[in-house]
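Descriptive structure summary
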Amino acid sequence: EAGVTQFPSHSVIEKGQTVTLRCDPISGHDNLYWYRRVMGKEIKFLLHFVKESKQDESGMPNNRFLAERTGGTYSTLKVQPAELEDSGVYFCASSPRTAFVTEAFFGQGTRLTVV
Amino acid sequence: AQSVSQHNHHVILSEAASLELGCNYSYGGTVNLFWYVQYPGQHLQLLLKYFSGDPLVKGIKGFEAEFIKSKFSFNLRKPSVQWSDTAEYFCAVNTNQAGTALIFGKGTTLSVSS
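In short, a report on the structure. (Residues numbered from 1 in each chain as written. Chains lettered and ligands numbered in written order. Predicted model: local features only at pLDDT ≥ 70, side-chain atom pairs only at ≥ 80, totals over all residues. Heavy atoms only, no water.)

Two faces make up the sheet, and in a regular strand the side chains alternate between them. Residue and element names in this part refer to chain A. Burial along strand 2 (residues 10-13) is one-sided: Ser-11 and Ile-13 are buried, while His-10 and Val-12, pointing the other way, are not. Two strands pair when backbone bridges link them, and strand 2 and strand 11 (residues 110-114) are joined in this way by four bridges, in the parallel orientation. Bridge assignment links His-10 to a residue of strand 11, and that residue is Arg-111. (Buried < 20%, exposed > 50% of the residue type's maximum accessible area, 1.4 Å probe, protein only. Helix = DSSP H or I, 4+ residues; strand = E, 2+ residues; numbered from the N terminus. Pairing = 2+ DSSP bridges.)

Now the structure itself:
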């Protein structure tokens, strides 16, 4: 079974440019999460999709970040325009939608560097 | 607000030494507790989890953790580490509602020398 995959693995962009990160969750997982880790800090929650709906986007830092999950399959996270403080590792995770708590499965992350 | 505190930023051990990584959380309600590990170049993977029941949980690769509710702690232990345990370890919690996001600690880097 394929795990959670993220593209690209690394991205280096200039301040002011746009970057789009992609996450393919495990097939059949309705829950999809985005997290971010800024260097030296903890991994922080950004938002949560259930299928194509945003369940919780309380962690999104500002309106330069736009996440979508059209059709409830893969998700994209666009940063436009990118700022230096957006640098970090962006993780995606997915889990099945059940009535009880389950573990989340993580991708390898996308390392974003804004210069 | 919920938070997770990991006491050690970087731990350096020799092979066969015992390991204990501290984790405390702040949340007054029922929580689920996790330890994730990230080996160099790999994705985050689950070591073990606690949802309910026996507070001593066993995970993969000989790791275990004990949930002590009165201390809001979930420390990770391994009696004898190996070089291959070199990795970054993350403690995480979420509330006892299906689908809620994880709150992570800052992580502890473990370096094991052979």
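Residues and elements named next belong to chain A. Most of strand 8 (residues 75-79) is tucked away, with four of its five residues classed as buried. As judged from the four bridges shared by strand 7 (residues 65-68) and strand 8, these two strands associate in the antiparallel manner. Paired with Glu-68 across the strands is Thr-76, a residue of strand 8. What sits between strand 7 and strand 8 in their antiparallel hairpin is a turn of six residues, with Gly-71 showing a positive phi close to 75°.

Adjacent strands of a sheet form backbone hydrogen bonds with each other and so pair up, either parallel or antiparallel. Residue and element names in this part refer to chain A. Taken in spatial order, the four strands of this open sheet run 1-3-8-7, and their pairing is antiparallel. The sheet is open, and its two edges are formed by strand 1 (5-7) and strand 7, each paired on a single side. Strand after strand, the sheet turns through a mean of 15° between neighbouring axes, direction not considered. Pairing between strand 1 and strand 3 (residues 19-24): three bridges, direction antiparallel. Bridging from a neighbouring strand, Thr-5 pairs with Asp-24 of strand 3. (Axes fitted to C-alpha atoms, helices over the stretch in contact; angles between N-to-C directions.)

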